[in-house]
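An overview of the molecular structure
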Amino acid sequence: MSRESAPDIIIIGSGMGGATAAHALARTGARILILEKGYQLPDIPENRDARAIFQRGHFRPKEFWYDAAGRPFSPGNYYNHGGNSKFYGAVLLRYRAEDFAGLSHADGDTPDWPIRYRDLAPWYDAAERLYQVRGALGEDATEPHHDHPYPHPAIPDEPAIAQVRARLAGAGLHPFSLPLGIDLDRWLGKAATPWDAFPDARTGKMDAETCALLPALASPSVAIESGAEVRRLIADPGSGVIDAVEYEQGGTLHRRTAGLFLLGAGAVRSAAILLASGDRGLANRSDAVGRHFMNHNASAVLAADPRFRNDAVYQKTFGINDFYLSDGRGGPPLGNIQLLGRVSAPILKATLRRVPEVALHQLSRRAVDFYAMSEGLPDWNSRVRLDGGRIVLDWRRSNMTAHAGLLRRFRGFLHAAGFPIVLRHLFDRKVPSHQCGTIRLGDNPAKAPLDPFGRAFDHPNLFVVDASTLVTSAAVNPALTVAALSLRTADHIGRDVLGVTLLARSGLAETGAAEGLPHV
Ligand SMILES: Cc1cc2nc3c(=O)[nH]c(=O)nc-3n(C[C@H](O)[C@H](O)[C@H](O)COP(=O)(O)OP(=O)(O)OC[C@H]3O[C@@H](n4cnc5c(N)ncnc54)[C@H](O)[C@@H]3O)c2cc1C
């Protein structure tokens, strides 16, 4: 695609939402241009070096966001082909069916989604195939109905982790195999490291670059511009049609026009782009753009037993949903627990800087590490806003009663399973890994920026396909839901939008817009 010709579709961001949409829409033959702020991650030793990643922050972007009091902080938000999924733990869990219908929590209720689980279920199936998920059905009582089994069997526990699973089961919990997007042989073939928070240079992690972007770019109709930071969208004031996108690349401002625009820059950055695009921002009749910012209440939990030896390499193979829909005693939900990737001494050192690494090694080899995650509730005042060119993340935590309860209940079971020492660390705004909710779906333009297919009520040719669209954060990892929603939106565009507005221009009639998108 030449620089001069106008693409049919511009997709902003090549992460989970953007790349997944590109992959689906590539099959329509539409000319697609992806504008991506980052570059492809190179295959370098630092990718598998815990000290480089956790102690030296080798991959951390050199940027600052600001809290509500104006204090700067450096967020772990990654800009590269594949977005944050390059660093993800590859846990690809579906939201539970109950998550779509509103739940009562300790500190408030979550709203209804404009769609139900059954509307998204076929797209979860398609996303699990695209991301080659390894898993096992029937181990988790909260699991929603699946029409198809996982494409591959679950990743096995390492012996030390099988022992932990058995000890927790003996204490009365019901551990289940985590659905994971990892080709274990390829991953370990490169180096014996965990994958959680370790970036992948195409060596076995099933992330947005490997599974969606690269196959999409193999199509002659799809191209990517790297190092292209989108600043704003430009809309026709009368019709609301988005005419162009403005981006900076190599110190120069560029403008590109297209028939359709898909925004997939992540929940913080996509909201910032819309807010920067007009006095009140674009797609913002409801004033909801940037609001309802959610990020899980999440803690690392380290459980140690002086008699236990943890020689696991990757560790991250099971989760616990015993407290997901209720606290197990008839009270409100508390959340999900899952293993973290193996937390070695160099990783601990990044937090416990004064403790010698050799002492941390003694602790780490007797410990097993978990991630405890509770739902954050959508709060109108929890928001992303702009202060001049600065991004302000005014995150209001919510539902901490549930998180405290989750930690308390889990600690009791860890003690019962023979882990007398339990340490924990609450992640803060510097870890916006599960950011979502800032441009949400809805069925009322007065209350939400997007319709149930992710189309802006105010702009007929603008769709949002990233984690911004999530109405609730649930208490499971978001990436599979982002991918499933993106596939559903792409299908809608293929059927109902491309056929009408772009068919003639891009010769889609021959390739069949309606035929190509993923179906189950
Ligand atoms: C360490 C870590 C571990 C995680 N583990 C898990 C897990 O196990 N399971 C799970 O489900 N989720 C996990 N997540 C979260 C998961 O990665 C995100 O939910 C998911 O990637 C969100 O998809 P997205 O499309 O919203 O954003 P992203 O995937 O982040 O994609 C946004 C893209 O937009 C680009 N971009 C941003 N701004 C601009 C701009 N102005 N112009 C152009 N391009 C721009 C970015 O470079 C990026 O490529 C993890 C995240 C992290 C950081």
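Data block above holds the structure.
Residues numbered from 1 in each chain as written. Predicted model: local features only at pLDDT ≥ 70, side-chain atom pairs only at ≥ 80, totals over all residues. Heavy atoms only, no water.

Right, let's talk about empty space enclosed by the protein for a bit. Tallied over the entire structure, the rule returns four cavities of 30 Å³ or more. Within this model, the largest cavity holds a volume of roughly 80 Å³. As for the largest cavity, its lining consists of Leu-93, Arg-94, Arg-96, Ala-136, Asp-140, Glu-143, His-146, Tyr-150, Phe-176, Ser-177 and Pro-179. Residues of the lining of the largest cavity, tallied by class, amount to five nonpolar, two polar and four charged. (1 Å grid on protein atoms, 1.4 Å probe; cavity = no way out; pocket = protein on both sides within 12 Å on 5 of 7 lines; lining within 4 Å. Points joined across faces, edges and corners; volume = space filled by probe spheres on them. Nonpolar A, V, L, I, M, F, W, Y, C, P; charged D, E, K, R; others polar.)

A few words on the pattern of salt bridges. It is possible for side chains bearing opposite charge to pair when their charged atoms get close. By the definition in use, this model includes 30 salt bridges. In this structure, Arg-51 engages Glu-357 in a salt bridge whose closest nitrogen and oxygen atoms are separated by 2.5 Å. Of this pair, Arg-51 sits in helix α2 (residues 50-55) while Glu-357 sits in helix α9 (residues 357-364); the two residues are 306 residues apart in sequence, bridging distant segments of the chain. Among the residues examined, Arg-51 registers a relative accessible area of 39% and is labelled partly exposed. Accessibility expressed as a relative area gives 23% for Glu-357, which makes it partly exposed. The structure contains a network of salt bridges with shared partners spanning Lys-37, Glu-63, Glu-229 and Arg-269. (Salt bridge = Lys/Arg side-chain N within 4 Å of Asp/Glu carboxyl O. Helix = DSSP H or I, 4+ residues; strand = E, 2+ residues; numbered from the N terminus. Buried < 20%, exposed > 50% of the residue type's maximum accessible area, 1.4 Å probe, protein only.)

Within the secondary structure, Leu-253 is located in strand β11 (residues 252-257). We classify Leu-253 as exposed; its relative accessible area is 51%. Sequence separation between Leu-253 and Arg-231 is 22 residues, and the spatial gap between their C-alpha atoms is 9.1 Å. In this view, Leu-253 contacts Arg-231, Glu-246, Tyr-247 and Glu-248; residues no more than four positions away in its chain are not counted. (Contact = heavy atoms within 4.5 Å.)

Membership of the largest hydrophobic core comes to 128 residues, with the highest contact counts inside it found for Ile-9, Met-16, Trp-113, Tyr-131, Leu-233, Leu-262 and Leu-274. For this core, the leading source of residues is helix α11 (residues 479-501), giving 11 residues. Dropping the residues within four chain positions of it, Trp-113 is found in contact with Tyr-95, Asp-99, Phe-100, Leu-441, Leu-470, Val-471, Thr-472 and Leu-485. Core analysis: the next-biggest nonpolar cluster, separate from the first, contains 26 residues, Phe-323, Phe-370, Ala-402 and Phe-410 among them. (Core = buried A, V, L, I, M, F, W, Y, C linked by side-chain atoms within 4.5 Å.)

So yeah, pure geometry; function would need other evidence.
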